[in-house]
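# Reading the structure
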Amino acid sequence: MLTAILAMVVLAGLFGLLLGYAAVRFRIEGDPIVDQVDALLPQTQCGQCGYAGCRPYAEAIAHGEADINRCPPGGETGIIALADLLGRDPLPLDEEVGEAQEIKLVAVIEEKDCIGCTLCLQACPVDAILGAAKQMHTVIRDECTGCELCVPPCPVECIKMVPLEPDLSHWKWPAPDDSRDAGLASPNTSEVA
Amino acid sequence: MSLPLTKNRHLHRFHGGLHLPDHKLESTLLTILDVGVPPLLTLPLQQHIGHIAEPVVEVGDQVMKGQLIARAEGFVSAPLHAPSSGRIQAIEERPFPHPSGLPTRAILIETDGLDEWGPLPEPLPDFEQTNRDLLLERIRWAGIVGLGGATFPTSVKLSPGKNKKIHTLILNGAECEPYITCDDMLMREQAERIITGLAVIRHILSPNECLIGIEDNKPEAIAAMREALKAAELEATEIIEIPTKYPSGGEKQLIYILTGEEVPSQHIPADIGIVCHNVGTAAAVADAVIDGKPLLSRTLTLGGDALKQAQNVHSPLGASIHWLIEQIGGYKTQAKRLVMGGPMMGVPLRNDDYPIVKGSNCLLALSPEQAPPEEPARPCIRCGECARVCPVELLPQQLYWHTRAKDFDEVQSYDLFDCIECGCCAYVCPSYIPLVQYYRYAKSEIWSQEEEKKKADLARQRHEARQARLARLEHERKARLRKKKEALEKRGAGKADDPKKAAIQAALKRVEARKAAQTATAAPNGDST
Amino acid sequence: MNRRAILLAGLILAGFAFAGTLLVVGTERLTAERIAQNQREFLLKSLHEVIPAEDMDNDLLTDHIVAPIPELNSRDDIMVFRARKQGKPVAVILSPVVAKGYGGPIKLLIGIYENGTLAGARVLDHQETPGLGDQIETGKSDWILGFRGRSLHNPTEKQWKVKRDGGVFDQFTGATITPRAVVKAIHAALTYFTTHKERLFDAPAETRHKAEEDDD
Amino acid sequence: MTEYALILVSTILVNNFVLVKFLGLCPFMGVSRKLETATGMGLATTFVLTLSSVCSYLANEYLLVPLGLEYLQTITFILVIAVVVQFTEMAMHKTSPVLYQVLGIYLPLITTNCAVLGVALLNTQEQHGFIESALYGFGAAVGFSLVLVLFAAVRERVAVADVPEAFQGNAIALITAGLMSMAFMGFSGLVAG
Amino acid sequence: MTTLVSSPHDWGRHRVQQVMLQVLLALTPGIAAMFWYFGWGVLINIVIATASALGAEALMLRLRERPLQPAITDFSAVVTAVLFALSVPPTLPWWMTVLGMLFAIVIVKQLYGGLGYNPFNPAMAAYVLLLISYPVAMTHWLPPSVLSKETIDLFDSLRIIFGGTPPASGWDAITMATPLDQMRNGLGQDMMISEIRESPVWGDFGAKGWEWVANWYALGGLWLLYKRVIGWRIPVAMIAGLVVIAALFSLGNPESYPHPLFHVFSGGIVLGAFFIATDPVTASTTPRGQLIYGFLIGVLVYVIRTWGGYPDGVAFAVLLMNMAAPTIDYYTRPRVFGHREDEHE
Amino acid sequence: MTESNYGKIIRDGLWNNNQALVALLGLCPLLATSNTAINGLGLGLATTVVLLLSNTTVSTIRHWVPPEIRLPVFVLLIASFVTAVQLGLHAWFHELYKVLGIFIPLIVTNCTIIGRAEAFASRNPVLPSALDGLFIGLGFTSVLFTLGLLRELIGQGTLFAQAHLMFGEGARGLTIHVNEDYPGLLLAVLPPGAFIGLGMLIAIKNVIDRRRAASARTVKVAMPVREANANG
Ligand SMILES: Cc1cc2nc3c(=O)[nH]c(=O)nc-3n(C[C@H](O)[C@H](O)[C@H](O)COP(=O)(O)O)c2cc1C
Ligand SMILES: Cc1cc2nc3c(=O)[nH]c(=O)nc-3n(C[C@H](O)[C@H](O)[C@H](O)COP(=O)(O)O)c2cc1C
Ligand SMILES: Cc1cc2nc3c(=O)[nH]c(=O)nc-3n(C[C@H](O)[C@H](O)[C@H](O)COP(=O)(O)O)c2cc1C
Ligand SMILES: Cc1cc2nc3c(=O)[nH]c(=O)nc-3n(C[C@H](O)[C@H](O)[C@H](O)CO)c2cc1C
Ligand code: SF4
Ligand code: SF4
Ligand code: SF4
Ligand code: SF4
Ligand code: FES
């Protein structure tokens, strides 16, 4: 009985020392997972996920506090990418947070209505709005992420979200829907013998 | 694998490929018809790969045939010339032959029927004595782009760079797609023009040898070309009959057949010392150099059973399909599908109201019997037929599975971007899976994701910069407040004349200062950046 | 400070080891008696399945020898338990006798009365195909009970075979190999017993309780 | 020599730990979504299993048996394993980030892989010697890794299949494992006894 | 906006349905031979299996709310059923056939999404299920008609299959172990091969009757090859794998290890090589992968036959390699045009 | 901790976060010992006891253990409990002990136990932790029992075949033979049957969950709350 206890206590004590030593000797800082997760988020910074931007959400995911399906701008592809990275199962987008938007939007300020209050400017998380107090503001189209955060603060409701018009250089082939009969409508030839 | 065909040349056989019913006889019964000038010409500004051309005329301007109407913007670009004389009716968005159906900016010319030439540059018949740069400049001016379908500016392809020695020049007369016969007819009827063009290109690149590859289902073309070649007495130039197999006309495939060399993935032929041109391109080069004429027209095949009669036509660029079809007798039946290009790679059109462009080599009006079956796709049974016929030795099936799963990294690891979209895989698939569409979808999806990624990175930077700035502002504000407070207190302390009180005040201040210093170091992020 | 952390880790772990071990050791103390008892009972029960307790008055578990008997196919030593009544030999139990079955060795426990008749046989362990060869288990069929009362002369030497081979013992549908092997092994055990009877009964008992170790 | 070969064949194929003996199933189900991660897990497990097989053999032979403390096997073994794994993880994390990238994230998962303790217990049950123990551990791990990798590849294929909704994910994965185990029954009887 | 169609605008004439029909057609010589040697049971099994397979397929499509067309008429379930029916003994009780087909279609095929998605060969999975669960019924065959004194007519067959009642003379009189089983049992009793082969059962290579069935299957298989429905790699590699390893052992000790040709002409090798291992859905798809896949099936069949617990290993070997096929595919991608040789290795 | 939180712990343990069906943990004993209902029940209860003990203890000591030795300490404690339970079974349920074999010591590595210790007990007070341990254990046991029941029934057509192992000889009568002629489907009691059976159970749970979610959703849509919110 005594030998048993003694043997175990000594063994465990030694192991404890070993691990304690290892913990001190091999200490590391930082968490690379957060960066990896953040890199996959769309950086719209819209807060729809319920966090104060993409990075906080990334932190929550990395620490296992949030599901991977809460980012509407990232959409399905984003979820799949996250699932891949983290070895989790892809989930459908959480209904709570909203719906994935197929069409990209950008903010446009109706310039003649703008009173130069700078409220939108303060709201924009990526500094995509140019302007100074009492002067007309404009959105830098290429830098707007379409987060819509500037819309509610505007006191004169002069900010509109408009869809990005498709053009030739941004046109994408649609995903085949596996049924070939759709869209095979005959072309309109103007003359038939 | 190689099989001896000509005296001393071994032809190489690429993996896969298809023996398709070629349907070429129908359109080779009649000679090329010159259709003349339509009342309206629609000239999209983007008929080539590269930068869109910039109009140099304005609505209402009168233009002459051959007059520059849009200039090239940047190195990889091509100018446009008026194919006939007339008045600029409009410069506006017009539909153009592209799978998206999206419009692009185009110049519309209302022709006056006179077809009056404007001033042309001086012809250069003795090009062999002419400076190469001058010749290149001429070709560039003429707006010549690859007429084999890719519409890449020819002058760019002909300037491979100082350190790239071109040892082999290849003329592509394979014309492997069914129905298309415009190159065939061109070779039969205008072989000398092609050979002259070849001679010009050869002078520019000075390769060791020139090879002209023609599929063996075009004996007349081969004969005509042989004759013209003999007449021209070009050295180290050979016309090679290659076995008929789709897609032997693909640039990389043809190069492999003729030389056994593989163009490495993501490289261009010039990287291994080879340049390949379509025969029509060569003919256009001859026009530009010998006659000083820009590219104003092209030969194309009008085919398909929905037409009364299939025929090749010589048409000005910008003519509408509808008008062209009328010129050769019109439709026989309602077309089931209209295709710009061949049945394997062509772009489906919504109607016949599109103009022909530099890259249009064929227009098919397919009758219901010729059009694809209207069956829904079934699940892939992994039969492997697609892999057996893929000329690039891809695994089309895997590309398909991973595309369906939207696992684009994996798709790329299966070399999606080596796919030449030849359509062989989809052709043989017993389950009618629109494989090529999956690949196109995957490609454009990957491109757009890359773009979005770039945009996201930019947004992240801006967001982080903003947060840093806000933090700094906040810090500064606090610092200002503190200073103000301190200043106030100092004044208060000055007023207090009780030395004891002052001592206490000073001590308190010291404590406060120390505290402030501590908080400042504890939040180092605050004042960095 | 680091050294303190290291020491602390060691101490905590040792502390928990102390507590854990204490628990285990305590339970062990508490149960040791019963476990040993269980094991003995378990063994006795299986032995008494072949030879009823009434037939003997000695302690089977102590009166046994351990011998290598290559004739009975066993790689390991075979335990021979000896049943006596008033000091006179009554029967032996051989364990394990090994038969070469379809899927691997079949371990048998065989009891033989002093007069050479079979007291019974049981399967200890086998790897025969479930549904086919496993009919030799008592739980699956009564086949193995049929050996009770047999001896080298009942049936005759020639008939110590399965029916298909011209003997008297049934085979199972679709599985001849298993019964064939069992019959052969039992026959071998009988033969061995008859020739070595004296030695088996007379050898001095082993002191070590190998039986109990095997039990785990 | 043949004996050693038989141990390997037996542990890898006939008595495959996962499909026949039912050990190590949680990582088998959990880390088999992607071929790549499965390969990493396989490598890590092979390393740990061999090592802990040897360590627990030593602990048993030179600590428990001499002191007559066999009933403390479970505690001792699991302690040894936990310490070995944790130490390896910490050391690897610090000293070889590359290796850690490949194996590190799987290491903590392995402590609770019952194959590891199973190997140690089976080793003492079957009274294996030193080399036998090492081989047994190694063979078991190779068998584990083999089926893990094959399973992961099959799962990748099944992931894009048109599986009925109720069966998507774990359900169909288990059924796949069942069919694999059925196939493995073909090996039964291969190494008799 | 209308949905886009993409090129190509023309399609080949090969269809799934025709592929399956061609497979069935290629099986007819083998079926006829089986009928000739083993009687009505073969055909009855085919009918039961086909009916239950189609029933199960329809049921599952209903449950999954999928259209019955074209899944029912693509004949894939029929191919599964026929291959299964040809692999089981002609006296198999009807409910076992039904059970096997339910398992094949419902669990092995439809739970994965139906044709094209199943990673395991349904027919072989069903075979293994029954072999494991009912080994007695699954290993007792009628002797080929060239050997048996007693023939079993249609009525008897129906009674056996549906009633489970043996004919007057009893089970043991009308059934026998398959040649492979007999060879195994003989070898298990330490007999020499020449001894074993003294029995009148044996023909030139394998057992009388059985070897001819194999020949007819081979004929159908060659036709499939000619029609390009299957590729040469899997059948050739599979037979090569078996022959190579069998030859190695047989040359070393011809009295304990049967001749390679015995192996080729016994059991399910020929049927397996041409019709089962080639199932496109479950086999490896890359050229090199198919060679490996086939070869290993051959080797595994030999290993299981020679040292394993089951007399024939074709079904197991096929399932085992089905399991490995995705991994093999992954590591044997062909070199893509314009890439270096070693890029994906 | 409020009432509803306890309710949630119970619901999670038994159903929503059932370790066997959802988290897919503790599979080895689950599959290995579920060939009969009684085996399953036996191991399930043993596991529950260990879970209860380990969760309670871990929660009690959670503040004293530095992270680098957390895992060894937990594992050590669990191993002690398991060994104690093992010895107890050996003493009082000898036959069951022999049938369950190596899977009793393997309760130590049942991923559920260490998983709950890490995920729940080391972050929550004692009472909820104990509750969590108990109900996670019961949830696990119920799956083990159900799976055993099904496999036994399909595989050999009996129910509670080994009741005497657990309840003593008197319980032999509990065994039910469903139909004497039932041929049995051996596959069910063999390893493949375990995997496939569990797969089926999970699918059934999925179906039930989905039904419930669907009905919940229709209720939600029926309420006009959403519109009011949208306008606000
Ligand atoms: C995006 C793109 C870039 C190209 N860049 C060059 C180039 O830099 N130099 C060159 O000589 N050819 C260039 N080419 C032309 C190709 O070498 C090739 O001749 C042309 O794409 C015809 O290919 P085809 O076989 O697809 O029709 C380019 C083509 C494309 C599509
Ligand atoms: C599948 C495929 C088939 C092709 N077939 C031909 C052909 O038959 N004739 C041809 O001139 N170009 C063909 N091309 C285009 C050539 O690859 C290449 O673009 C052309 O020969 C380059 O010449 P160009 O720059 O003068 O157009 C084909 C391209 C592809 C991808
Ligand atoms: C899967 C399988 C398992 C078998 N298991 C056994 C077995 O456990 N015992 C046995 O004697 N024969 C077994 N056999 C052997 C065959 O049933 C063999 O044909 C039979 O033993 C020969 O006996 P027979 O003379 O009754 O035909 C098995 C065969 C197979 C295919
Ligand atoms: C050449 C060929 C061989 C086939 N072999 C099998 C087979 O062995 N087993 C089977 O169930 N189905 C077979 N099928 C049919 C079909 O592929 C099978 O039902 C699918 O596995 C079901 O998804 C075969 C089909 C073809 C074309
Ligand atoms: S919802 Fe997505 S894009 Fe918006 S803040 Fe959250 S992570 Fe960023
Ligand atoms: S401009 Fe408006 S919509 Fe665009 S990024 Fe800024 S806040 Fe978002
Ligand atoms: S041809 Fe079609 S069915 Fe066959 S493997 Fe390719 S994609 Fe699948
Ligand atoms: S389209 Fe692409 S994948 Fe298909 S055959 Fe052609 S090159 Fe291969
Ligand atoms: S119980 Fe989780 S690995 Fe065995």
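Note that the structure is predicted; figures quoted are calculated from it, not measured.

## Let's talk about the interface of chain B and chain A
A common measure of how large an interface is: the accessible area buried when the components associate. Listed per partner, the contact involves 56 residues of chain B and 47 residues of chain A. Between Glu-76 of chain A and Lys-406 of chain B there is a salt bridge whose closest N-O contact spans 3.4 Å. For the pair chain B and chain A, the number of links is 13 residue pairs in polar contact (both at pLDDT 80 or more). Contributions of two or more residues to the side of chain B that touches chain A are made by strand 10 (103-111), helix 9 (321-327), strand 17 (337-340) and helix 14 (435-495) of chain B. With 20 residues, the single largest contributor to the side of chain B that touches chain A is helix 14 of chain B.

## As for the site of ligand 5
In the vicinity of ligand 5 lie 14 residues, with Cys-46, Gly-47, Cys-49, Cys-54 and Cys-71 of chain A positioned nearest. Taken together, the residues of the shell around ligand 5 sort by class into nine nonpolar, five polar and no charged.

## Details of the packing of aromatic side chains
Residues and elements named next belong to chain E. Applying the stated criterion across every chain yields a total of 31 aromatic pairs over all chains. Here the aromatic rings of Trp-95 and Tyr-134 are separated by 5.3 Å at their centres, their planes lie at 85°, and the arrangement is edge-to-face. A residue pair is termed long-range when its members are at least 10 positions apart, and Trp-95 in helix 4 (residues 94-109) and Tyr-134 in the loop between helix 5 (122-133) and helix 6 (135-139) qualify at 39 residues. Classification of Trp-95 by relative accessible area gives partly exposed; the value is 29%. Under the relative-accessibility criterion, Tyr-134 is labelled buried at 10%. Judged by centre distance (5.9 Å) and plane angle (25°), the ring pair of Phe-249 and Tyr-302 falls under stacked. With Phe-249 in helix 12 (residues 233-252) and Tyr-302 in helix 15 (residues 287-307), this pair connects stretches of sequence that are 53 residues apart. On the basis of relative accessibility, which here comes to 29%, the residue Phe-249 falls in the partly exposed class. Judged by relative accessible area, Tyr-302 falls into the buried class, the value being 0%.

## Examining the sheet that holds strand 1 (residues 64-67) of chain C
Residue and element names in this part refer to chain C. Spatially, five strands are ordered 1-2-3-4-5 in an open sheet, and the strand pairing comes out antiparallel. Two strands close off the open sheet at either side, each with one partner strand: strand 1 and strand 5 (118-125). Taken pair by pair, the neighbouring strands of this sheet meet at an average axis angle of 20°, ignoring direction. As judged from the seven bridges shared by strand 2 (residues 78-85) and strand 3 (residues 88-100), these two strands associate in the antiparallel manner. Bridge assignment links Ala-83 to a residue of strand 3, and that residue is Ala-91.

## Observations concerning the sheet that holds strand 17 of chain B
All names here are of chain B. Sheet architecture is open: six strands sit in the order 3-16-15-19-17-18, paired in mixed fashion. Each having just a single partner strand, strand 3 (33-34) and strand 18 (347-349) make up the two edges of the open sheet. Inspection of the sheet shows strand 3 paired to strand 16 (residues 311-316) by two bridges, in the parallel sense. When the bridges of strand 16 are listed, Asp-34 appears paired with His-314. With respect to the sheet, helix 4 (residues 182-189) is in contact with strand 15 (297-303) and strand 16, its orientation differing from that of strand 15 by roughly 125°.

## Comments concerning the nonpolar core
Ranked by size, the top nonpolar core spans 314 residues in total, and within it Phe-28 and Met-182 of chain D, Leu-27, Leu-86 and Phe-275 of chain E together with Leu-198 of chain F carry the most contacts. Apart from residues lying up to four places away in sequence, Leu-27 of chain E is in contact with Val-82, Leu-83, Leu-86, Tyr-217, Leu-271 and Phe-275 of chain E. Counting 57 residues, the second largest nonpolar core, distinct from the first, contains Leu-43, Leu-124, Ala-228 and Val-285 of chain B.

## Focus: the domain arrangement of chain E
All names here are of chain E. Domains assigned within chain E are domain 1 (14-177) and domain 2 (178-332). Of note, the centres of domain 1 and domain 2, computed from C-alpha atoms alone, are 21 Å apart. Across the boundary between the two partners, domain 1 contributes 38 residues, which contact 32 residues of domain 2. Summed over both partners, the interface of domain 1 with domain 2 buries about 3,000 Å², with 78% contributed by carbon and sulfur atoms. Three residues stand out in domain 1 for area buried against domain 2, namely Asn-121, Met-124 and Ala-177, and they jointly supply 16% of the buried area on that side. The tally of links from domain 1 across to domain 2 stands at zero salt bridges. Taken together, domain 1 and domain 2 are joined by two residue pairs in polar contact (both at pLDDT 80 or more). When residues of the side of domain 1 that touches domain 2 are traced back to their parent elements, those giving at least two are helix 1 (16-38), helix 3 (76-87), helix 5 and strand 2 (176-177). By residue class, the composition of the side of domain 1 that touches domain 2 is 31 nonpolar, seven polar and no charged.

## Concerning the pairing of strand 10 of chain B
Residue and element names in this part refer to chain B. Where strand 4 (residues 40-44) and strand 10 come together, five bridges link them in antiparallel fashion. For Thr-42, the partnering residue across the bridge sits in strand 10 and is Leu-108. Sheet analysis places strand 9 (residues 86-95) next to strand 10, joined by nine bridges and oriented antiparallel. In the sheet register, Ile-91 faces strand 10, and the bridge partner there is Ile-107.

## Things to note about the site of ligand 4
All names here are of chain E. Around ligand 4, the surrounding shell holds 21 residues, and the nearest of these are Thr-80, Asn-118, Asn-121, Phe-275 and Asp-279. Between ligand 4 and Ala-123, the relevant distance is 3.1 Å, taken from an oxygen atom to a main-chain nitrogen or oxygen of the residue. Relative to its unbound accessible area of 540 Å², ligand 4 is 99% covered by the protein chains. For the shell around ligand 4, the secondary structure elements donating two or more residues are helix 1, helix 3, helix 5 and helix 14 (269-276). It is helix 3 that provides the largest number of residues to the shell around ligand 4, a total of four residues.

## A few points about the environment of Leu-89 of chain F
Residue and element names in this part refer to chain F. On the secondary structure map, Leu-89 appears in helix 4 (residues 70-92). Between the C-alpha atom of Leu-89 and that of Gly-42, which follows or precedes it by 47 residues, the distance is 9.6 Å. In contact with Leu-89, other than residues within four places in its own chain, are Ala-46, His-94, Tyr-97 and Ile-104.

## Concerning the environment of Ala-37 of chain F
Residue and element names in this part refer to chain F. Positionally, Ala-37 belongs in helix 3 (residues 37-61). Along the primary structure Ala-37 and Arg-151 are separated by 114 residues, whereas in three dimensions their C-alpha atoms are 8.1 Å apart. Here Ala-37 is in contact with Phe-145, Gly-148, Leu-149, Glu-152 and Phe-160, once residues within four sequence places are set aside.

## Observations concerning unusual backbone geometry
Following Asn-154 of chain C, the chain continues to Pro-155 of chain C via a peptide bond in cis, the omega torsion being 0°. Counting through the fold element by element, Pro-155 of chain C comes out in the loop between strand 5 and helix 2 (177-202). For the bond from Gln-69 of chain E to Pro-70 of chain E, the omega torsion is -5°, close enough to zero to count as cis. On the secondary structure map, Pro-70 of chain E appears in the loop between helix 2 (40-63) and helix 3. The phi dihedral of Ala-236 of chain B falls on the positive side, at around 45°, and the residue is not glycine. Within the secondary structure, Ala-236 of chain B is located in the loop between helix 6 (219-232) and strand 13 (237-242). According to the relative accessible area criterion, Ala-236 of chain B is partly exposed, its value standing at 46%. For Phe-75 of chain E, which is not a glycine, the phi torsion comes out positive at approximately 70°. By secondary structure assignment, the location of Phe-75 of chain E is in the loop between helix 2 and helix 3.

## Notes on a negative patch on the surface
All names here are of chain B. A surface patch of like charges, here negative, comprises Asp-22, Glu-26, Asp-305 and Glu-369. Along the polypeptide, Glu-26 turns up in helix 1 (residues 25-28). Looking at Glu-26, the relative accessible area reads 30%, which means it is partly exposed.

## Comments concerning the interface of chain E and chain D
Each partner contributes residues to the interface: chain E has 35 residues there, and chain D has 28 residues. For the pair chain E and chain D, the summed buried surface comes to about 2,700 Å²; carbon and sulfur atoms form 74% of the total. Looking at the side of chain E facing chain D, the largest losses of area belong to Leu-111, Tyr-112 and Met-323 of chain E, adding up to 25% of the total buried there. Viewed at the interface, chain D and chain E are joined by three salt bridges. Residues Asp-162 of chain D and Arg-66 of chain E are paired through a salt bridge, measuring 2.4 Å at the closest nitrogen-oxygen approach. Taken together, the links from chain E to chain D amount to four residue pairs in polar contact (both at pLDDT 80 or more).

## Description of the pairing of strand 19 (residues 362-366) of chain B
Residue and element names in this part refer to chain B. Across the five residues that make up strand 19, a large majority, five, are buried. Residues Cys-362, Leu-364 and Leu-366 line one face of strand 19 and the alternating positions Leu-363 and Ala-365 line the opposite face, and both faces are buried. Two strands pair when backbone bridges link them, and strand 15 and strand 19 are joined in this way by three bridges, in the parallel orientation. Directly across from Thr-301, in strand 19, lies its bridge partner Cys-362. In this structure, strand 17 lies alongside strand 19, joined through four bridges in antiparallel fashion.

Rules behind the numbers
- Residues numbered from 1 in each chain as written.
- Chains lettered and ligands numbered in written order.
- Predicted model: local features only at pLDDT ≥ 70, side-chain atom pairs only at ≥ 80, totals over all residues.
- Heavy atoms only, no water.
- Contact = heavy atoms within 4.5 Å.
- Salt bridge = Lys/Arg side-chain N within 4 Å of Asp/Glu carboxyl O.
- Polar contact = N/O pair within 3.5 Å; in protein donor to acceptor, adjacent residues only side chain to side chain.
- Helix = DSSP H or I, 4+ residues; strand = E, 2+ residues; numbered from the N terminus.
- Near = heavy atom within 4 Å.
- Nonpolar A, V, L, I, M, F, W, Y, C, P; charged D, E, K, R; others polar.
- Phe/Tyr/Trp six-rings, centres within 6.5 Å; stacked < 30°, edge-to-face > 60°.
- Buried < 20%, exposed > 50% of the residue type's maximum accessible area, 1.4 Å probe, protein only.
- Pairing = 2+ DSSP bridges.
- Axes fitted to C-alpha atoms, helices over the stretch in contact; angles between N-to-C directions.
- Core = buried A, V, L, I, M, F, W, Y, C linked by side-chain atoms within 4.5 Å.
- Domains from an automatic or database assignment.
- Buried area = accessible area lost by both parts, 1.4 Å probe.
- Areas by Shrake-Rupley, 256 points an atom, 1.4 Å probe, with all protein chains shown as cover.
- Patch = residues over 30% accessible without salt bridge, like charges linked within 9 Å, V, L, I, M, F, W, Y side chains within 5 Å.
- Lys, Arg positive; Asp, Glu negative; His and termini not counted.
- Charge placed at Lys NZ, Arg CZ, Asp CG, Glu CD.

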